[in-house]
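Structural overview for review
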Amino acid sequence: HTDSPQKKLEIWLDRANEVEAYFTEHGSLFMPSTTLFHDGANMFRWIHKQKKLQKNGMLSPYQTARLEAMKILCITPKQVSGWNQGYQYAKQYIE
């Protein structure tokens, strides 16, 4: 059965391994939004889905640790150089 928890875990582990290989090869996870896994699924979207699942407490401690090792959950706007300054600048035109 393709939707079994075992199969889902196998797919998750395969995806995590491929993302890890990408991270190792490129030194970061900056990638085009069209980057695909070996089976054609979208890697970029998978990473963002994992962030959302983690934020909502839907990942196991193991999954969270695997993602954190690749710096996936550590990305926040505050780490982007000048983000707050740009936000404050833009905010004055919206309010």
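This one's a predicted model, so the numbers in the text were calculated from it and none came from an experiment. (Residues numbered from 1 in each chain as written. Predicted model: local features only at pLDDT ≥ 70, side-chain atom pairs only at ≥ 80, totals over all residues. Heavy atoms only, no water.)

Scanning the protein from terminus to terminus reveals four helices and zero strands. Listed N to C, the secondary structure of the protein is α-α-α-α in terms of helices and strands. Relative to its 95 residues, the protein shows a buried fraction of 24%. The long-range fraction of contacts in the protein, counting pairs at least 24 apart against all pairs at least 6 apart in sequence, stands at 42%. Counting only carbon and sulfur atoms, one obtains 57% of the accessible surface of the protein, whose full area is about 7,200 Å². (Helix = DSSP H or I, 4+ residues; strand = E, 2+ residues; numbered from the N terminus. Buried < 20%, exposed > 50% of the residue type's maximum accessible area, 1.4 Å probe, protein only. Contact = heavy atoms within 4.5 Å. Areas by Shrake-Rupley, 256 points an atom, 1.4 Å probe, with all protein chains shown as cover.)

Below, the discussion takes up the pattern of salt bridges. Opposite charge on two side chains permits them to pair, given that their charged atoms come into close proximity. If you walk through the whole model with that rule in mind, you get two salt bridges. Salt-bridge contacts for Arg-66 lead to Glu-20; the nearest nitrogen and oxygen are separated by 3.1 Å. Here Glu-20 lies in helix H1 (residues 5–26) and Arg-66 lies in helix H3 (residues 61–69), a separation of 46 residues in the sequence. Owing to a relative accessible area of 12%, Arg-66 belongs among the buried residues under this scheme. (Salt bridge = Lys/Arg side-chain N within 4 Å of Asp/Glu carboxyl O.)

Moving on to the packing of H1 against helix H2 (residues 43–55). The interhelical angle for the contact between H1 and H2, taken along N-to-C directions, is 110 degrees, at an axis separation of 11 Å. Considering their axes alone, H1 and H2 lie roughly perpendicular with respect to each other. Viewed along their axes, H1 and H2 form a crossing whose handedness is left-handed. When H1 is examined against H2, the residues Trp-12, Arg-15, Ala-16, Glu-18, Val-19 and Tyr-22 are found in contact with a partner set consisting of Met-43, Trp-46, Ile-47 and Gln-50. Among the residues forming the contact of H1 with H2, the class breakdown is seven nonpolar, one polar and two charged. (Axes fitted to C-alpha atoms, helices over the stretch in contact; angles between N-to-C directions. Parallel < 35°, antiparallel > 145°, perpendicular 65-115°, else oblique. Left-handed = near helix turned anticlockwise from the far one by under 90°. Nonpolar A, V, L, I, M, F, W, Y, C, P; charged D, E, K, R; others polar.)

So, on to the nonpolar core. With 15 residues, the main nonpolar core has Val-19, Leu-29, Met-43, Trp-46, Ile-47, Leu-67 and Ile-72 as its most contacted residues. When residues in this core are grouped by element, the largest group, four residues, is from H1. Beyond its immediate stretch of four places on either side in the chain, Ile-47 contacts Val-19, Leu-29, Met-31 and Ile-72. (Core = buried A, V, L, I, M, F, W, Y, C linked by side-chain atoms within 4.5 Å.)

All right, on to the packing of H1 against H3 then. The geometry of H1 relative to H3 is characterised by a closest axis approach of 10 Å and an angle of 15 degrees between their N-to-C directions. In terms of orientation, H1 lies roughly parallel with respect to H3. Judged by the twist between their axes, the crossing of H1 over H3 is left-handed. When H1 is examined against H3, the residues Trp-12, Leu-13, Ala-16, Asn-17, Glu-20 and Phe-23 are found in contact with a partner set consisting of Tyr-62, Gln-63, Arg-66, Leu-67 and Ala-69.

Take it as geometry only, folks, not as evidence of what the structure does.
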